[in-house]
Amino acid sequence: MTATSEQVATPRPRPGQEVMKTSRLAAIQPSRLSGTRALMNKMIRERWDISNVLFDVDGNAEGTVVYSIKAPGQEFSFIGFSRPPSRTARTGRIIGQAWDMMGALIEGPATEIEIETARREIPKLYTGRATAGTLIWCRSNRSMRVFDQTLEALAEGRQPSVADLSKVCYLMRNTGLDGNGTFGTRSFPSLGARHALGGVLQAQLLTAYLMREFSCDLVEHLAAKKSETAVRLDPQLRRYIGVGNGSALGLIFFVHKHPRLIDGLLSAREGAIAMARALKLDASDPRVARLLELLRQAIVFRKQDQMVYETFASSAEVAADLEKVVTALEEFRRSGTVFGRTTDLPFDMLTAEFETDLLPEAFETFLSLLIELVPEEADKLLAAIDAPDEFSVAPAETVEQLMALVHDEYRWALETDMAGPEAYKYVWYKSETAEEPRRGARDEVPDALDLGLDVCGGIQSLFADLGRAEGSLIARVLMKHPEHRYMVARIQSLRGRDYHTPRANINAEAFVPIDLVRLMNVGVHGIDKTRDFLSRNLRGVLYHGAPTPDDLRAGYTGIWYYPAEPVL
């Protein structure tokens, strides 16, 4: 039987009830819509010019650096302050007192006043204040063992061991990217869509890229200080080295605080996947060969991955599943059939066949690579995201209308058991000593203020009160029950959107916090090789394989993500 586009319904985006399960969100893999890849694609396309204009650092790693970043029509500067590593006060937490590098991303050229103000204010953190044109304050620490090994090798006139580098894949790790008003930095909504860094997360992620460049420049600089016969990093290694990243439970608050942004990003992803699935192709179409190339690169990347994963599927398992997709795609390229059936919608058929046959991480990798086959369409979807944080109440809506909306779009929340002993077993609070979000057993911190968003409990309470107020307007209900104002505004403002709220009770014992942290790190930020610690923290690599500033100036072409280990 032949499955043609006339016989098969046009592929549609996956429904929210499927995508917004936390286990599915945790499986989403980086794509061209993820922050690092989207920004790097923009920098490649526009040939951004990034150069070091000051590197005044002594042999003990103490000093100041300045980088100039020139985008079309706009210039930025990165000011960094390098410090010798401290073995005692050094920590990745906000409560730390010493970091190996602290820096600022600012608009315009770095003047002496900007440099000296940053030098004075950044170490103060909470009591410090950024200048008006400051976008980001940042902090990073070395990976001591790998940095020292690389330094020693370069000083001896040789390249560092790829085997050693591939165990970590970075020289420095990001420990903080603060912006959007924090410490007096410029708010992101004020930038506007025409600003060179006005896109989603672009200011933070440009700063992370500059951390990567600084780490490579620093290790080369220190090696040259140490030995006259020192060599520089091989360009292949400079690309392979990323910047490390660690994230914890605070990202769960981000997901709940920015539902329009989450919906916009996931809507763009699901829309682009549907477009790719709908492509009518024959076996000779170059996009089939392109997908095969991308899959094979992802397989090599996974097979070479040396990270140990406690909770998530191993890279070896993901690679084995991707081999199944390659086999099926090779069949189509050879004979025009998928699993023996003729079709002109091969990507749609592959998606349908593999949805339940592959590990979630492997299946989502396949979907991410499909997006590369509709690049212009996907980039337009990303650029169209408009995600203000503010919600407003529609007071003239009737109780009956809101109840119907809740019943239609939040049935999952209404059906969640919030009366059982496990429903509120955990509480979300802020650590008094570490200044960081925590999740703990409620009976162990009985006086803690719960900072988590109780979607299920809030909706059930609202629905019960609405049922007792039939025939009224929402304005009257909120006059009597002002505690429901936020939930009403949220429900009304997100009406008709499918991907804004994870379908889970975050206070329940069954909730796995790392699922939403992984959504942010992997799917949204585009971090590779994310490995978990105690199901609460993630560590991974940003810009793994990314082009260098020299590559950008030269007009880089090629596939930079999923890098293979360099062969020197």
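Since the model is a prediction, treat every value here as computed from it, not as a measurement.

What counts, and at which threshold
Residues numbered from 1 in each chain as written. Predicted model: local features only at pLDDT ≥ 70, side-chain atom pairs only at ≥ 80, totals over all residues. Heavy atoms only, no water. Helix = DSSP H or I, 4+ residues; strand = E, 2+ residues; numbered from the N terminus. Rg over C-alpha atoms; globule rule 2.2 N^0.38 Å. Buried < 20%, exposed > 50% of the residue type's maximum accessible area, 1.4 Å probe, protein only. Contact = heavy atoms within 4.5 Å. Areas by Shrake-Rupley, 256 points an atom, 1.4 Å probe, with all protein chains shown as cover. Lys, Arg positive; Asp, Glu negative; His and termini not counted. Charge placed at Lys NZ, Arg CZ, Asp CG, Glu CD. Axes fitted to C-alpha atoms, helices over the stretch in contact; angles between N-to-C directions. Parallel < 35°, antiparallel > 145°, perpendicular 65-115°, else oblique. Nonpolar A, V, L, I, M, F, W, Y, C, P; charged D, E, K, R; others polar. Polar contact = N/O pair within 3.5 Å; in protein donor to acceptor, adjacent residues only side chain to side chain. 1 Å grid on protein atoms, 1.4 Å probe; cavity = no way out; pocket = protein on both sides within 12 Å on 5 of 7 lines; lining within 4 Å. Points joined across faces, edges and corners; volume = space filled by probe spheres on them. Salt bridge = Lys/Arg side-chain N within 4 Å of Asp/Glu carboxyl O. Pairing = 2+ DSSP bridges. Phe/Tyr/Trp six-rings, centres within 6.5 Å; stacked < 30°, edge-to-face > 60°. Lys NZ or Arg CZ within 6 Å of the ring centre and 35° of its normal. pLDDT = per-residue confidence, 0-100.

Caption draft 1: Seen up close, the overall build of the chain. Tallying secondary structure elements over the chain gives 22 helices and 14 strands in all. Compactness check: the chain gives a C-alpha radius of gyration of 25 Å against a globular reference of 24 Å for 568 residues, within 12% of the reference. Along the longest, intermediate and shortest principal axes, the C-alpha atoms of the chain span 80 × 65 × 45 Å. Across the 568 residues that make up the chain, the buried fraction comes to 56%. Taking the contacts inside the chain whose residues are at least 6 apart along the sequence as the reference set, 74% of them involve residues at least 24 apart. Counting every atom, the chain has about 23,800 Å² of accessible surface; 50% of that belongs to carbon and sulfur. Charged side chains of the chain number 67 positive and 76 negative; the gap between the two group centres comes to 2 Å.

Caption draft 2: Here's a closer look at the packing of helix H9 (residues 250-257) against helix H21 (residues 514-524). Interhelical geometry of H9 versus H21 gives an angle of 75° and a closest axis separation of 8 Å. Our classification of the angle between H9 and H21 gives roughly perpendicular. Taken together, the residues of H21 that come into contact with H9 (itself represented by Leu-251, Ile-252, Phe-254 and Val-255) are Leu-516, Val-517, Leu-519, Met-520 and Asn-521. Of the residues contributing to the contact of H9 with H21, the split by class is 8 nonpolar, 1 polar and no charged.

Caption draft 3: Layout of the side chain of Thr-64. Tracing the backbone through its elements, the reader meets Thr-64 in strand S3 (residues 63-71). With relative accessibility at 8%, the residue Thr-64 sits in the buried group. Reaching out from Thr-64, the side chain makes a polar contact with the side chain of Arg-119 at a distance of 3.0 Å. In this structure, Thr-64 is in contact with Leu-54, Phe-55, Asp-56, Val-57, Gly-80, Phe-81, Ile-115 and Arg-119, ignoring residues within four places of it in sequence.

Caption draft 4: Region of the structure containing empty space enclosed by the protein. Applying the stated criterion to the full structure yields 5 cavities of 30 Å³ or more. Of the pockets and cavities examined, the largest cavity occupies roughly 110 Å³. Taken together, 14 residues form the lining of the largest cavity, with Gln-29, Arg-302, Asp-528, Lys-529 and Thr-530 sitting closest to its centre. For the lining of the largest cavity, the secondary structure elements donating two or more residues are helix H11 (286-304), H21 and strand S13 (528-533). It is S13 that contributes the most residues to the lining of the largest cavity, 3 residues altogether. Residue composition of the lining of the largest cavity, grouped by class: 6 nonpolar, 3 polar and 5 charged. For the second largest cavity, the calculated volume is near 90 Å³.

Caption draft 5: Structural view of the pattern of salt bridges. Counted according to the given criterion, the structure contains 34 salt bridges. With its nearest N and O atoms 2.8 Å apart, the salt bridge here joins Glu-270 to Arg-14. Of the two residues, Glu-270 sits in helix H10 (residues 259-277) while Arg-14 sits in the loop between strand S1 (2-3) and helix H1 (16-19), which places them 256 residues apart along the sequence. Linking Lys-425 and Glu-509 is a salt bridge whose minimum nitrogen-to-oxygen distance equals 3.2 Å. Of this pair, Lys-425 sits in the loop between helix H17 (411-414) and strand S11 (426-430) while Glu-509 sits in the loop between helix H20 (485-493) and H21, placing them 84 residues apart in sequence. Judged by relative accessible area, Glu-509 falls into the partly exposed class, the value being 39%. Among the charged side chains, a network of salt bridges with common partners joins Arg-212, Glu-213, Asp-217, Glu-220, Arg-232 and Arg-238.

Caption draft 6: Geometry of the sheet that holds strand S7 (residues 170-179). Taking strand neighbours across the sheet as the criterion, the 9 strands line up as S2-S3-S4-S5-S6-S7-S8-S14-S13 in an open arrangement whose pairing is mixed. Edge positions in the sheet fall to strand S2 (49-57) and S13, since each has one partner strand and no second. Here the strands of the sheet are splayed against their neighbours by 25° on average, with no regard to which way each runs. Bridge count between S7 and strand S8 (residues 242-247): 3 bridges; the pairing is parallel. Across the sheet, Arg-173 pairs through a bridge with Gly-244, a residue of S8.

Caption draft 7: Structural detail: the layout of surface pockets. Volume-wise, the second largest pocket comes out at about 380 Å³. In terms of lining, the second largest pocket is formed by 19 residues, of which the most central are Glu-213, Asp-217, Arg-232, Arg-238 and Asp-550. The set of elements that each furnish at least two residues to the lining of the second largest pocket consists of S2, helix H7 (202-226), helix H8 (235-240) and helix H22 (549-554). Looking at side-chain class alone, the lining of the second largest pocket contains 6 nonpolar, 4 polar and 9 charged residues.

Caption draft 8: View of the packing of aromatic side chains. Under the defined criterion, the tally for this structure stands at 12 aromatic pairs. The interplanar angle of 50° and the centroid separation of 6.3 Å between the aromatic rings of Tyr-67 and Phe-78 together place this pair among those described as tilted. Of this pair, Tyr-67 sits in strand S3 while Phe-78 sits in strand S4 (residues 74-82), placing them 11 residues apart in sequence. Its relative accessible area of 2% is what places Tyr-67 among the buried residues. Accessibility expressed as a relative area gives 0% for Phe-78, which makes it buried. Clustering of aromatic rings is evident, with ring pairs tying together Phe-301, Trp-560, Tyr-561 and Tyr-562. Just above the ring of Trp-99 sits the side chain of Arg-139; from NZ or CZ to the centre is 5.2 Å.

Caption draft 9: The side chain of Ser-77, seen in detail. For Ser-77, the position within the fold is in strand S4. Among the polar contacts made by the side chain of Ser-77, one reaches the main-chain carbonyl oxygen of Gly-108 at a distance of 2.8 Å. From its side chain, Ser-77 meets the backbone nitrogen of Ala-110 in a polar contact 3.1 Å long. Setting aside anything within four residues of it in sequence, one finds Ser-77 in contact with Tyr-67, Ile-69, Ala-104, Leu-105, Ile-106, Gly-108, Pro-109 and Ala-110.

Caption draft 10: Main features of the confidence of the model for the chain. Here the chain averages 94 in pLDDT, while 96% of its residues score no lower than 70. Low pLDDT, under 50, characterises residues 1-7; the predicted model gives this stretch 13 contacts beyond four residues in sequence or across chains.

Caption draft 11: Inspection of the environment of Pro-437 at higher detail. Residue placement: Pro-437 occurs in strand S12 (residues 437-441). Remark: the alpha-carbon pair of Pro-437 and Leu-451, spanning 14 residues in sequence, is separated by 8.6 Å. For Pro-437, the residues in contact, after removing those within four places along its chain, are Leu-249, Gly-250, Phe-253, Tyr-429 and Lys-430.

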